[in-house]
Amino acid sequence: QVQLVESGGGSVQAGGSLRLSCAASGFIYSMNTMAWYRQAPGNERELVAGITRDGTTNYADSVKGRFTISRDNLKNTVYLQMNSLKPEDTAVYYCNLEQRQLRYWGQGTQVTVSS
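Residues numbered from 1 in each chain as written. Predicted model: local features only at pLDDT ≥ 70, side-chain atom pairs only at ≥ 80, totals over all residues. Heavy atoms only, no water.

Enquirer: Sorry if this is basic, but what is going on with the pairing of strand β9 (residues 91-99) here?
Expert: Along any regular strand, the residues point their side chains to alternate faces of the sheet. With respect to burial, β9 is a largely interior element, 7 of its 9 residues being buried. The pairing of strand β4 (residues 33-39) with β9 spans 7 bridges and is antiparallel. Paired with threonine 33 across the bridge in β9 is glutamate 98. Here 3 bridges tie β9 to strand β11 (residues 109-114), and the two strands are oriented antiparallel to one another. Bridging across to β11, valine 92 finds its partner in glutamine 110. Bridge analysis of β9 against strand β10 (residues 102-105) gives 4 bridges, and the strand direction is antiparallel. What sits directly across from glutamine 99, in β10, is leucine 102. Counted between consecutive antiparallel strands, the loop separating β9 from β10 contains 2 residues, among which arginine 100 sits at a positive phi close to 45°. (Buried < 20%, exposed > 50% of the residue type's maximum accessible area, 1.4 Å probe, protein only. Helix = DSSP H or I, 4+ residues; strand = E, 2+ residues; numbered from the N terminus. Pairing = 2+ DSSP bridges.)

Dropping the structure here:
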């Protein structure tokens, strides 16, 4: 079993920054992809950014140039540095780990950006 624990959410004004962290524990295999998703009220959950174990990244167009995903493989932790935040970034952010065709989710952390 895999557990994901997120931290770092909160409230910030537009233009501000936040850093999210997600620590994975349990049966973590060497090959996996970690990612951040978000879900705003009334919207479907969407991919924000993903990163493979070797550091290959991908981003949603809406966050390119503002958000940076990174990971520490020794700590099984993934980070999301969010800069130049906008009100439309307001959502619950979920950590995701995918390995051996199974997907695991964190409990979510709220990010609120006020104008």
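Picking up after the structure, the text goes on.
Enquirer: Is there a simple way to think about unusual backbone geometry in this case?
Expert: Where the residue is not glycine, phi is negative for most of them; where a peptide bond is considered, it is trans in most cases. Its identity as a non-glycine residue notwithstanding, asparagine 76 has a phi of 50°, on the positive side. Residue placement: asparagine 76 occurs in the loop between β7 (67-72) and β8 (77-82). Its identity is not glycine, yet arginine 100 carries a phi of approximately 45°, on the positive side. Within the secondary structure layout, arginine 100 lies in the loop between β9 and β10. What makes arginine 100 exposed here is its relative accessible area of 61%.

Enquirer: Would you explain the state of the cysteines in this entry?
Expert: Note on terminology: a disulfide is the covalent bond linking the sulfur atoms of two cysteines. Following the criterion strictly, the structure yields 1 disulfide and no others. Paired by a disulfide, cysteine 22 and cysteine 95 hold their sulfur atoms 2.1 Å apart. Every disulfide takes its handedness from the sign of the S-S torsion; for cysteine 22 and cysteine 95 that torsion is -80°, giving left-handed. In this pair, cysteine 22 sits in strand β3 (residues 18-26) while cysteine 95 sits in strand β9, placing the two residues 73 residues apart along the sequence. You can call cysteine 22 buried: its relative accessible area is 0%. Assessed through its relative accessible area of 0%, cysteine 95 is described here as buried. (Disulfide = S-S within 2.5 Å.)

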